[in-house]
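Residue-level structure breakdown
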Amino acid sequence: MWYRFALWSLILAGCLPAIALATAPQTDTLRAIELGDQAWLAPHARVMLDPLHLEHPADIAAAGDALLTVTPAGRALSLGVHPDKVVWILFQVEGDSLSRWLRLNEVVFDDVRLFRHPLTGHNADVSASRVAWTEVNRALETTRAGQRTPAWRPTYALDLAPGETALFALRIHSGQPLRLAPRLLTSTGRAAADRTLMLGQGLYLGVVGGLAIYNLFLFFGLRDRRYLWYVGFILSTAAFFTTLNGLHLEWIPELSPGATGMLATTFLGLLAALALQFTRRFLGTAERDPRLDPWLKFGIAVPLAGIVLNVLVPEGIVVLYMSAMGLVTTTLFFTATLRAAVFRRFRPAYYMLAAWTVLILGILAFILAALGLAPHGLITYHGFQIGSAIEALLLSLALADRVRLLREEREQLAADHDRLHQATRTDPLTGLSNRRHLEEALPSEVQRATTGANGLALLIVDADHFKQYNDCYGHAQGDRLLEDIARTMRETLAPDDSIFRFGGEEFVILTRRPEQADHLAEQIRQGIEAGTAGRPESRVTVSIGGAALATGESPAHLFERADQALYAAKAAGRNRVAFDDT
């Protein structure tokens, strides 16, 4: 099956560095007086992979060619994944007046032990008797919890007197990737290294923690689960790096390296699953990319299966599985984001695409170094974490841009709704409010007049003999006549007065100046008559009926009184104003 082929390919790739053998170099004597506060050990050491699991350096010579000697490339070692293997690092140091410490930053190795052999010259013979070798205890440190325990990062005091030379053998046993950068440090260099680590991790955790709190507030404010998935993703990422760098051991120093490795792998699987779920929800692939969405669902199961395997199979196999998982999941969420950006032109996806690109580069560097296919260094070891911090910031920008996009969409929908609402309340011919709008406005105006200082009057304007005008001159001329009547009324009325086309040739006016209503009606009548006097077709007049709102009167009764006044004006010969004063 293809997955078996892929698994064995990854195993062989991880073993390639061990297959590339070199002749055993002689160990250099590191003269402490020339080292400064920090010196990288690997270039001056003899490194051997031990498939025999030798327990003591005195047995190395007898093992012969069974031990595979590896030539370090640079100041760090990147030996790939060797399930259940042992590596020996031999080096010799000449002391000076300063305290010297051997330090490893890696905290997930199952077993780290340091042996010491005194030398009278520069003899690096490892076949010396067992009696001459002594095991060096790990240095003690005070944790954040106030406990005095062995240093959670393997640290050993070399305790060399000025001019004294000793041979050291460092034994490391682990199923985790064999990548390490051992250093020799003075007390000053050790303190500086601690400060650098804590400053970098504190900066990272501060950025992630701030983003998590900010997006939690957004979740509680907007009730959008996308923010919750994002918070879960970045917090699980922070938890992964916290365990990978051993910061949790400041509070739980008794946790074993094996448990630390399992914890880191668990958080790695969790962050991958949450990243895919966040991608699904953020991009809306269930609705917008249904072809890809089932693959994303399958991808979520892959890291979750890795969490289960974490407790069932050897850690070396788990590392290979999780490395393959990282390639699968990163491919999936990058593909989903790329499709959203290219095919759907989804604007926030561009931020997300940049975020995943940075993260994927960091993950690839991390995985390649774990498999021994890339050198171990700042970029390959911390690139994943650096990429994670940049990615978290870019994803926050993507979320913010999505909020802006949603706000723009809501504003556009609101504007469209307003336009539609206005269209349903506006007469298309004259641009005046229509009868539907009058039915909404009249009750509220009556309520306002009842509770306020100003009153209300209602006028009904009707064009005289409009049907005959239409029949004689045509509907086009009739429409232009109605537009002229509407324009004359607008020019006559105050800004706070309202005009409605009630239907056909009838108009309704609501004015908040009831004491001037009859005078206003007369102005309108005269204005329309004068404005149409010079028309080539015919002079047009209007009849107007009005009524002022009485105490406790209903909107319907007010309209009925104005309508009766209009009938009275028509009955009296038209082209006049009738006002109901009762």
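Conventions used here
- Residues numbered from 1 in each chain as written.
- Predicted model: local features only at pLDDT ≥ 70, side-chain atom pairs only at ≥ 80, totals over all residues.
- Heavy atoms only, no water.
- Helix = DSSP H or I, 4+ residues; strand = E, 2+ residues; numbered from the N terminus.
- Contact = heavy atoms within 4.5 Å.
- Areas by Shrake-Rupley, 256 points an atom, 1.4 Å probe, with all protein chains shown as cover.
- Core = buried A, V, L, I, M, F, W, Y, C linked by side-chain atoms within 4.5 Å.
- Buried < 20%, exposed > 50% of the residue type's maximum accessible area, 1.4 Å probe, protein only.
- Phe/Tyr/Trp six-rings, centres within 6.5 Å; stacked < 30°, edge-to-face > 60°.
- Salt bridge = Lys/Arg side-chain N within 4 Å of Asp/Glu carboxyl O.
- pLDDT = per-residue confidence, 0-100.
- Expected span 1.5 Å × (residues − 1).
- Pairing = 2+ DSSP bridges.
- Axes fitted to C-alpha atoms, helices over the stretch in contact; angles between N-to-C directions.
- Parallel < 35°, antiparallel > 145°, perpendicular 65-115°, else oblique.
- Bend = angle between axes of the 7 residues up to and from the residue.
- Polar contact = N/O pair within 3.5 Å; in protein donor to acceptor, adjacent residues only side chain to side chain.

A few points about the overall build of the chain
Broken down by element type, the chain carries 15 helices and 21 strands. Sequence separation of 24 or more characterises 74% of the internal contacts of the chain that already satisfy a separation of 6 or more. When the accessible surface of the chain is summed, it comes to about 27,100 Å², and 60% of that surface belongs to carbon and sulfur atoms.

What to know about the nonpolar core
Of all hydrophobic cores here, the largest spans 56 residues; its most connected members are Phe233, Phe240 and Trp356. Broken down by secondary-structure element, the contributors of at least two residues to this core are α3 (187-222), α4 (225-244), α5 (257-283), α7 (293-309), α8 (315-342), α9 (348-370) and α10 (378-424). The biggest single contributor to this core is α5, with 11 residues. With near-sequence residues (within four places) excluded, Phe233 lies in contact with Leu271, Leu274, Ala275, Trp356, Leu359, Glu391 and Leu395. Counting residues in each nonpolar core, the second largest holds 29 residues, with Ala39, Ala45, Leu102 and Val112 among its members.

Here we look at the packing of aromatic side chains
The full count for this structure, using the stated rule, is 13 aromatic pairs. Taking the centre distance of 5.6 Å and the plane angle of 85° together, the rings of Tyr204 and Phe241 count as edge-to-face. Remark: Phe241 occurs in helix α4 and Tyr204 occurs in helix α3; sequence separation between them is 37 residues. The buried category is assigned to Tyr204, whose relative accessible area is 5%. Grouped by ring-pair contacts, the aromatic residues Tyr230, Phe278, Phe282 and Phe346 constitute a single cluster.

Focus: the pattern of salt bridges
Scanning the entire structure with this criterion turns up 28 salt bridges. A salt bridge links Arg435 to Glu439, with the shortest nitrogen-to-oxygen separation between them at 3.7 Å. On the criterion of helical spacing, the pair formed by Arg435 and Glu439 is a turn pair, its members being 4 residues apart in helix α11 (residues 435-451). Close ionic contact of Arg513 with Asp497 constitutes a salt bridge, the shortest N to O distance being 2.6 Å. One end of the pair, Arg513, is in the loop between β19 (506-511) and α14 (517-532); the other, Asp497, is in the loop between α13 (475-492) and β18 (498-503), with 16 residues separating them in the sequence. Look at Arg513 and you get partly exposed, because its relative accessible area is 25%. Each member of the salt-bridge network shares a partner with another, and the members are Glu55, Asp111, Arg113, Glu135 and Arg171.

Looking at the confidence of the model for the chain
Mean pLDDT over the chain stands at 82; residues scoring 70 or higher make up 87%. Confidence drops under a pLDDT of 50 for residues 1-26, and excluding neighbours within four residues, the segment shows 33 contacts in the predicted structure.

Here we look at α13
Between its first and last C-alpha atoms α13 spans 26 Å; for 18 residues at 1.5 Å apiece the expected length is 26 Å, and the two agree. Of all the positions in α13, only Gln477, Gly478, Leu481, Leu482, Asp484, Ile485, Ala486, Thr488 and Met489 are classed as buried.

As for the sheet that holds strand β2 (residues 38-40)
Strand-to-strand pairing in sheets goes through backbone hydrogen bonds, with the strands running parallel or antiparallel. The strand order β2-β15-β7-β12 describes an open sheet built from 4 strands, whose pairing is antiparallel. The open sheet terminates on both sides in strands that have one partner only, identified here as β2 and β12 (155-157). Taken over all neighbouring pairs, the strand axes of this sheet differ in orientation by 25° on average, direction set aside. Pairing analysis gives 4 bridges linking strand β7 (residues 100-103) to strand β15 (residues 183-186), with the strands arranged antiparallel. Counterpart to Arg103 in the pairing with β15 is Arg183. In this fold α3 packs onto β7, β12 and β15, with an angle of close to 110° to the strand it touches most, β15.

With respect to the packing of helix α12 (residues 466-473) against α13
At a minimum axis separation of 7 Å, α12 and α13 run at an interaxial angle of 135°. As judged from the angle between their axes, α12 and α13 are oblique. Contacts between α12 and α13 pair Phe466, Tyr469, Asn470 and Tyr473 from the former with His475, Gln477, Gly478, Leu481 and Leu482 from the latter.

Observations regarding α11
With 17 residues, α11 should cover 24 Å at 1.5 Å per step; its first-to-last C-alpha distance of 25 Å lies within 8% of that length. The largest bend along α11 reaches roughly 30° and is located at Ala441, with the proline Pro443 sitting one to four residues downstream. Turning to α11, its buried residues number three or more, namely His437, Leu438, Ala441, Leu442, Glu445, Val446 and Ala449. Packing partners of the buried residues in α11 comprise β16 (433-434), β17 (457-463), β18, β19 and α15 (555-571). A distance of 3.2 Å separates the backbone nitrogen of Arg436 from a side-chain oxygen at the start of α11, and that oxygen is part of Asn434.

A look at the sheet that holds β17
The sheet built from 6 strands is open, its strands ordered β16-β18-β19-β17-β20-β21 with mixed pairing. The open sheet has two edge strands with one neighbour each: β16 and β21 (577-580). On top of the sheet, α11 reaches β16, β17, β18 and β19; it is set at about 130° to β18, its chief contact. Contacts from α13 reach β17, β18, β19 and β20 (542-548) within the one sheet, and its direction differs from that of β19 by about 10°.

As for unusual backbone geometry
In this structure, Arg345 is a non-glycine residue whose phi angle is positive, near 55°. You can see Arg345 is positioned in the loop between α8 and α9. For His465, which is not a glycine, the phi torsion comes out positive at approximately 50°. Within the secondary structure layout, His465 lies in the loop between β17 and α12. Overall, the relative accessible area of 44% leaves His465 in the partly exposed class.

Here we look at the pairing of β7
Neither face of β7 is exposed, since Arg100 and Leu102 on one face and Trp101 and Arg103 on the opposite face are all buried. Where β7 lies against β12, 3 bridges are found, and the strand directions are antiparallel. Residue Arg103 lies in a different strand from β12, and its bridge partner there is Thr155.

Thoughts on the pairing of β15
Burial along β15 is two-sided: Arg183 and Leu185 facing one way and Leu184 and Thr186 facing the other are all buried. Across 3 bridges, the pairing between β2 and β15 is antiparallel. For Trp40, the partnering residue across the bridge sits in β15 and is Arg183.

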